[in-house]
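Inside the fold
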Amino acid sequence: MIPNSELVQVDLVALVEDQDNSSPIVLLHDREGNRLLPIWIGDAEARSIAIALNRTPMPRPLTHKLLSNMIVQMGGRLISIVVNKMDGRTYFAGLNVQIGIKKMQIDSRPSDAIALALEARCPIFVTRAIMDKAAQKNPLPTFAAQQAKRPMGVKDLEKLKGLLEKAREREQKSTEI
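Here's a quick rundown of the structure. (Residues numbered from 1 in each chain as written. Predicted model: local features only at pLDDT ≥ 70, side-chain atom pairs only at ≥ 80, totals over all residues. Heavy atoms only, no water.)

The next point concerns the pattern of salt bridges. On inspection of all chains with the given rule, the structure shows seven salt bridges. Two residues, R31 and D11, come together in a salt bridge whose shortest N-O distance is 2.8 Å. Here R31, found in the loop between β2 (24-30) and β3 (35-40), pairs with D11, found in strand β1 (residues 7-17); they are 20 residues apart in sequence, far enough to count as distant. Across the salt bridge formed by E32 and R128, the nearest N and O atoms sit 2.7 Å from each other. With E32 in the loop between β2 and β3 and R128 in helix α4 (residues 128-134), the pair connects residues that are 96 residues apart, well separated along the chain. Judged by relative accessible area, which is 28%, R128 ranks as partly exposed. One connected set of salt bridges, linked through shared partners, spans D30, R35 and D132. (Salt bridge = Lys/Arg side-chain N within 4 Å of Asp/Glu carboxyl O. Helix = DSSP H or I, 4+ residues; strand = E, 2+ residues; numbered from the N terminus. Buried < 20%, exposed > 50% of the residue type's maximum accessible area, 1.4 Å probe, protein only.)

The structure is reproduced here in structure tokens:
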């Protein structure tokens, strides 16, 4: 497991849609550095995150609920999730699970890990190296994680669109190398 000194705790502050290609994006807010990390995800994963975030009851368990139930039924608990690797424009994550005295990290996609973290109400972390490389300065300096549930105004959305455009340009440049 990655030492705590190399991790940054983040909050999911928004689930938005990229206006250019209609792709869902999760925005993770760095509590200590007031930065935002956008991660593009798939439609199905965005749906799972929205359901977990809003605690929407479903007639049958979705994958994140199934995995949460399995961990608990095996006597374990999800301690945290960590976005721990970045390869070009692709992010990777790990589920930190504890069963008894045994701790393990299980590979995951960030989107699945985030949905599971929301379901289990556990912390979300990103490695400091990834935040330093890929996060953007928060264009809404007064915007804090606890304000995420308030509706964003037109100016907020315009600033956010600019942030996402810069992130997309940076990601395109990193894959051209």
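Moving on: the packing of helix α2 (residues 63-73) against helix α3 (residues 110-120). In the contact formed by α2 and α3, the axes pass within 9 Å of each other and the chain directions differ by 60 degrees. Between α2 and α3, the angle is such that the two are oblique. For the pair α2 and α3, the sense of crossing is right-handed. Along its contact with α2, which presents H64, K65, L67, S68 and I71, the element α3 presents A115, L116 and E119. Broken down by class, the residue content of the contact of α2 with α3 amounts to four nonpolar, two polar and two charged. (Axes fitted to C-alpha atoms, helices over the stretch in contact; angles between N-to-C directions. Parallel < 35°, antiparallel > 145°, perpendicular 65-115°, else oblique. Left-handed = near helix turned anticlockwise from the far one by under 90°. Contact = heavy atoms within 4.5 Å. Nonpolar A, V, L, I, M, F, W, Y, C, P; charged D, E, K, R; others polar.)

So, on to the side chain of S111. With respect to the helices, strands and loops of the structure, S111 is situated in helix α3. Among residues more than four places away in sequence, those in contact with S111 are I41, E45 and I49.

Glancing now at the sheet that holds strand β4 (residues 76-87). Spatially, the eight strands line up as an open sheet ordered β6-β5-β4-β7-β1-β2-β3-β8, and their pairing is mixed. Sheet topology places β6 (102-108) and β8 (136-137) at the edges, where each strand pairs with a single neighbour. As defined by bridge partners, β1 adjoins strand β7 (residues 124-127) across four bridges and the pair is classed as antiparallel. Bridged to V10 within β7 is I124. Those strands touched by helix α1 (residues 43-54) are β1 and β2, and its axis lies near 105 degrees from that of β1. (Pairing = 2+ DSSP bridges.)

Turning to its location among the elements, F92 is positioned in strand β5 (residues 90-99). Given a relative accessible area of 31%, F92 falls into the partly exposed group. F92 sits 10 residues away from V82 along the chain, and the two C-alpha atoms are 8.6 Å apart. In this view, F92 contacts V82, V83, N84, K85, D87, S108 and P110; residues no more than four positions away in its chain are not counted.

Further remarks concern the pairing of β2. Burial analysis of β2 places seven of its seven residues in the buried class, which makes it a mostly covered element. What you see with β2 is no split at all: P24, V26, L28 and D30 on one side and I25, L27 and H29 on the other are buried throughout. If you look at the hairpin formed by β1 and β2, you'll find six residues sitting between the two strands, and S22 has a positive phi there, around 60 degrees. Where β2 lies against β3, five bridges are found, and the strand directions are antiparallel. Looking across to β3, one finds that V26 is bridged to I39. Linking β2 back to β3 in an antiparallel pair, the connection comprises four residues, with N34 at a positive phi of about 50 degrees.

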